[in-house]
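Here are the chains, one letter per residue:
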Amino acid sequence: MAEKVLFKGNELLVEAAIEAGCRFYAGYPITPQNEVPERMSWRMPQAGGVFIQAESEIAAINMIFGASAAGARCMTSSSSPGISLKQEGISYIAAAELPCVIVNMQRGGPGLGNIRAAQGDYFQAVKGGGHGDYRLIVLTPATLQELYDLTLNAFDYADYYRNPVMILGDGILGQMAEPAEKHPYHPILDLPPKDYILDGCKGRNSRVVRTLFLHPADGLMKHNLHLQEKYARIQRELSLVEQYQTDDAEVIIAAYGISGRAAKGAVKAARREGIKAGLIRPLCVWPFPSDVYRRAAERAKSFLVVEMSHGQFVEDVKLAIECRRPVAFLGKGGGWYPSQEEIVEQIRRLANEKSKPSTARGKR
Amino acid sequence: MEFHRPRTLKNVLTHYCPGCGHGIVHRLVAEAIDELGIRERTIGTAPVGCAVLFYNYFDCDIIECAHGRPPAVATGMKRMLPDRIIFTYQGDGDLAAIGTTETIHAANRGENITVIFVNNAIYGMTGGQMAPTTIKGQWSTTTPEGRGKHGEGGPIRICEMLSALDGPSYLERVAVSSPKDILRAKKAVKKAFEKQIAGKGFSLVEVLSMCPTDWKLTPAQAVDFVNEKMKAVFPLGVFRDR
């Protein structure tokens, strides 16, 4: 029987990580995720693990690189400007195919930005961020229950695919409190043995965790092809998405994370007015659930993308439906978010447009 | 007395230039690991710089790190595997420029790792640019009038700087520019590993080394440069031993 708990998101994240067997955490203070290192500083020693307050975000991610190579389940967390600093290390970890979990409780940007919740790091998380051809698995919880469950699963995805996993939250998710069930951890995947780790070469040949591929000349090309094959496999196998009232929906809302909660409220409100609205909310934005959007585009008349940034996630929705339907956009950045009423207003507008010729173009 | 290749070194040719000090320092590290019988529980970190291909030469587990980050990577490894021996092998650009933060804080935490710091006062792999340890007046491809004419500051003395911290257990500066210096360097490297084995905390050996190629000197002149110029700026000796 799962225990029901009331925590702030940042605190619950710590509990989930420890429950999943994470035994190494390194991080650096930054608002709005300070509760993570604070709670880790006493919970990790209780669990027999290691907490380090690193001298920088760069050092923290490199400590993760080392701890993961040593075979540990490990995690770092930060918020937007700090995640930018980690990008070098993330690229190396992806190159070396080491598992780890990286949490971004996003705040407003660019620059030092502000400390309100935002979703402006979507491109950075999903399209790269660091140098080179690599991908992160990017999970986008909208509730604390999802934050808990996806954190448990994140460690399994990381180990199973030997790939860094990012939990892309935001300041609201980190700071808010709501009840969640604290399920015991059970692996959801058949995890392979860690036969790549460095723990001293006793009884075996010495190993190298490589991030450099100079020789032969096509060594890096082949490594990149190997990575691409892995990413293609992840895309085939991993799809996490909520479809709400989509069966007969004429207007499909696309939103993820905290925006997805406001969008769901808006769908309910629109339905009360008799408007056939539905929501497709990814819980994982890489791999992107393109096929789900594409299938919805066969029936729906139009799409509305809602996000807490000025148009990042919307590009993936347009790509997914191959621009077959008009895509309207409602986004606010800088730490502000579209309200439920604003979303409903857009839904009404789109629903009323439905009788017009289908030449309407998506508004950005 | 027989002369053997240390077990910890692979039987391969290195890419180092004639007269380079890396080959000597590699051998000293490998001999120390052999003599302490720790090869099978030792994990090294490869740097960015001339020793970037370190893992082709050392027959122990190695992780290839980003530029300047080995002390942080080593920290993560050591904390998860406290009974293994973790060492970094870093040049001056790696350790004293881009990785200064990681160096200082690993030292300050007293992280129980061993750092082998090869100081040749130049960026070797990239072709001879100014290093943080390039001495005043020294020519490099980015100080064509000699260091110090255009606000470059002076050389950073790492052992002196780290000796201001409580964390380190052992700090020594040695050289590999004469047989006597090499013998002393060997003792220092071994002692640094012994400190880690004994759980004493952060140990670092700074090795003054030759780079004839990028100094534009012959190997013999490069030895003289270490003995006459570098030792005057970077005095040899033990800065911490406890």
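Look up a bit, the structure's there.
The structure displayed is predicted, hence computed values, not measured ones. (Residues numbered from 1 in each chain as written. Chains lettered and ligands numbered in written order. Predicted model: local features only at pLDDT ≥ 70, side-chain atom pairs only at ≥ 80, totals over all residues. Heavy atoms only, no water.)

Participant: Help me understand the overall build of chain B in this model?
Facilitator: Summing up its helical and strand segments, chain B has eight helices and seven strands in all. What you see for chain B is a C-alpha radius of gyration of 17 Å, in line with the 18 Å of a compact globule of 242 residues. Projected onto its principal axes, the C-alpha positions of chain B cover 50 × 40 × 30 Å. When each of the 242 residues of chain B is scored for burial, the buried share is 59%. Residue pairs in contact within chain B that sit at least 24 positions apart in sequence constitute 68% of those at least 6 positions apart. Of the roughly 9,100 Å² of accessible surface on chain B, a fraction of 56% belongs to carbon and sulfur atoms. (Helix = DSSP H or I, 4+ residues; strand = E, 2+ residues; numbered from the N terminus. Rg over C-alpha atoms; globule rule 2.2 N^0.38 Å. Buried < 20%, exposed > 50% of the residue type's maximum accessible area, 1.4 Å probe, protein only. Contact = heavy atoms within 4.5 Å. Areas by Shrake-Rupley, 256 points an atom, 1.4 Å probe, with all protein chains shown as cover.)

Participant: Would you mind going over the packing of aromatic side chains with me for this structure?
Facilitator: With the rule as written, the count across this model stands at 15 aromatic pairs over all chains. Between A:Tyr25 and A:Phe51, the ring centres sit 6.0 Å apart and the planes meet at 5 degrees, which makes this aromatic pair stacked. You can see A:Tyr25 sitting in strand 2 (residues 24-27) and its partner A:Phe51 sitting in strand 3 (residues 50-53), a full 26 residues away along the chain. Owing to a relative accessible area of 0%, A:Tyr25 belongs among the buried residues under this scheme. Ring geometry for B:Phe87 against B:Phe193: centres 5.6 Å apart, planes inclined by 70 degrees, an arrangement best described as edge-to-face. Highlighted residues: B:Phe87 in strand 3 (residues 85-91) and B:Phe193 in helix 6 (residues 179-197), separated in sequence by 106 residues. Side by side, B:Phe87 and B:Phe193 carry an identical accessibility label, which is buried. Taken together, the aromatic side chains of A:Tyr122, A:Tyr256, A:Phe288, A:Tyr293 and A:Phe313 make up a single cluster linked through ring pairs. (Phe/Tyr/Trp six-rings, centres within 6.5 Å; stacked < 30°, edge-to-face > 60°.)

Participant: Sorry, what's going on with the sheet that holds strand 3 of chain A here?
Facilitator: Strand pairing in a sheet relies on backbone hydrogen bonds, with the paired strands running either antiparallel or parallel. Residues and elements named next belong to chain A. What the seven strands build is an open sheet, ordered 3-2-4-5-7-6-13; its pairing is mixed. The open sheet has two edge strands, strand 3 and strand 13 (284-286), and neither has a second partner. Averaged over neighbouring strand pairs, the angle between their axes works out to 20 degrees when direction is ignored. In this sheet, strand 7 (residues 164-170) lies alongside strand 5 (residues 100-106) in parallel orientation, the contact comprising seven bridges. Its bridge partner lying in strand 7, Asn104 is registered against Leu168. (Pairing = 2+ DSSP bridges. Axes fitted to C-alpha atoms, helices over the stretch in contact; angles between N-to-C directions.)

Participant: Help me understand helix 4 (residues 100-109) of chain B, please; the structure alone is not making it clear to me.
Facilitator: Side chains of residues three or four places apart in an α-helix project in the same direction, reflecting 3.6 residues per turn. Those residues of helix 4 of chain B that sit buried are B:Thr100, B:Glu102, B:Thr103, B:Ala106 and B:Ala107. Where helix 4 of chain B is buried, its residues meet helix 3 (57-69) of chain A together with helix 2 (70-80), helix 3 (92-98) and helix 5 (158-162) of chain B. Following helix 4 of chain B by one or two positions, B:Gly110 adopts a phi angle in the positive range, close to 70 degrees.

Participant: I tried to follow the pairing of strand 12 (residues 277-282) of chain A on my own but got confused; where do I start?
Facilitator: Put simply, side chains in a regular strand alternate between the two faces of the sheet. All names here are of chain A. Counting buried residues along strand 12, six of its six residues qualify, which places the element largely inside the surrounding structure. Both faces of strand 12 are covered, namely the face carrying Ala277, Leu279 and Arg281 and the face carrying Gly278, Ile280 and Pro282. Pairing analysis gives four bridges linking strand 10 (residues 241-244) to strand 12, with the strands arranged antiparallel. Counted as the bridge partner of Glu242 is Arg281 from strand 12. Two strands pair when backbone bridges link them, and strand 11 (residues 251-254) and strand 12 are joined in this way by four bridges, in the parallel orientation. Paired with Val251 across the strands is Ala277, a residue of strand 12. Handedness of the strand 11-helix 9 (residues 257-272)-strand 12 crossover: right-handed. (Right-handed = clockwise from strand over helix to strand, strands pointing away.)

Participant: How should the side chain of B:Ser169 be read in this particular structure?
Facilitator: Residue and element names in this part refer to chain B. Mapped onto the secondary structure, Ser169 falls in the loop between helix 5 and strand 5 (170-175). Taking relative accessible area as the criterion, Ser169 reaches 2% and is therefore assigned buried. Setting aside residues no more than four positions away along its own chain, Ser169 makes contact with Lys195, Lys200, Gly201, Phe202, Ser203, Arg240, Asp241 and Arg242.

Participant: Would you take a moment to explain the interface of chain B and chain A for this structure?
Facilitator: By a frequent convention, interface size equals the accessible area lost on bringing the separate parts together. Each side of the interface is counted separately: chain B has 32 residues, and chain A has 36 residues. Together, the buried faces of chain B and chain A total about 2,700 Å²; carbon and sulfur atoms form 64% of this surface. A per-residue breakdown of the area chain B buries against chain A is headed by B:Glu40, B:Asp61 and B:Met80, which together make up 22% of the total. The interface formed by chain B and chain A includes three salt bridges. In this structure, A:Glu88 engages B:Arg69 in a salt bridge whose closest nitrogen and oxygen atoms are separated by 3.0 Å. Counting every contact that joins chain B to chain A gives 15 residue pairs in polar contact (both at pLDDT 80 or more). Contributions of two or more residues to the side of chain B that touches chain A are made by strand 1 (42-46), strand 2 (61-64), helix 2 and helix 4 of chain B. No other element matches helix 2 of chain B, which puts seven residues into the side of chain B that touches chain A. The class makeup of the residues in the side of chain B that touches chain A is 14 nonpolar, six polar and twelve charged. (Buried area = accessible area lost by both parts, 1.4 Å probe. Salt bridge = Lys/Arg side-chain N within 4 Å of Asp/Glu carboxyl O. Polar contact = N/O pair within 3.5 Å; in protein donor to acceptor, adjacent residues only side chain to side chain. Nonpolar A, V, L, I, M, F, W, Y, C, P; charged D, E, K, R; others polar.)

Participant: Where do I start with the pattern of salt bridges in this structure?
Facilitator: Should the charged atoms of two oppositely charged side chains come close, the side chains can pair. Counted by the stated rule, this structure contains 43 salt bridges over all chains. Look at the salt bridges and you will find they share partners, linking B:Arg27, B:Glu31, B:Glu35, B:Lys186 and B:Lys190 into a network.

Participant: Mind showing me how you'd approach unusual backbone geometry here?
Facilitator: Leaving glycine aside, a negative phi is the common case for residues, and trans is the common case for peptide bonds. Residues and elements named next belong to chain A. Going from Thr31 to Pro32, the amide bond is cis rather than trans, its omega being 10 degrees. Considering the arrangement of structural elements, one finds Pro32 in the loop between strand 2 and helix 2 (35-46). For the bond from Trp286 to Pro287, the omega torsion is 0 degrees, close enough to zero to count as cis. By secondary structure assignment, the location of Pro287 is in the loop between strand 13 and helix 10 (290-299).

Participant: How should I be thinking about the sheet that holds strand 11 of chain A in this particular structure?
Facilitator: All names here are of chain A. Read across the open sheet, the five strands follow the order 10-12-11-14-15; overall the sheet is mixed. Sheet topology places strand 10 and strand 15 (327-331) at the edges, where each strand pairs with a single neighbour. Recorded for the sheet is a direction-independent mean angle of 20 degrees between the axes of neighbouring strands. Taken strand by strand, helix 10 contacts strand 10, strand 11, strand 12 and strand 14 (302-307), and its axis lies near 165 degrees from that of strand 12.

Participant: Before we go on, may I ask you to explain the environment of B:Leu53 in this structure?
Facilitator: Inspection of the secondary structure puts B:Leu53 in the loop between strand 1 and strand 2. Considering only alpha carbons, one finds B:Leu53 and B:Leu183, 130 residues apart in sequence, at a separation of 25 Å. Those residues in contact with B:Leu53 that lie beyond four places of it in its chain are A:Leu212, A:Leu214 and B:His15.

Participant: What exactly am I supposed to notice about the pairing of strand 4 (residues 114-119) of chain B here?
Facilitator: All names here are of chain B. Summarising burial for strand 4: six of the six residues are buried, a large majority. Residues Thr114, Ile116 and Val118 of strand 4 are buried on one face, and the alternating residues Val115, Phe117 and Asn119, pointing to the opposite face, are buried as well. Bridge count between strand 3 and strand 4: five bridges; the pairing is parallel. Each bridged residue has a counterpart across the sheet, and for Gln90 the counterpart in strand 4 is Phe117.

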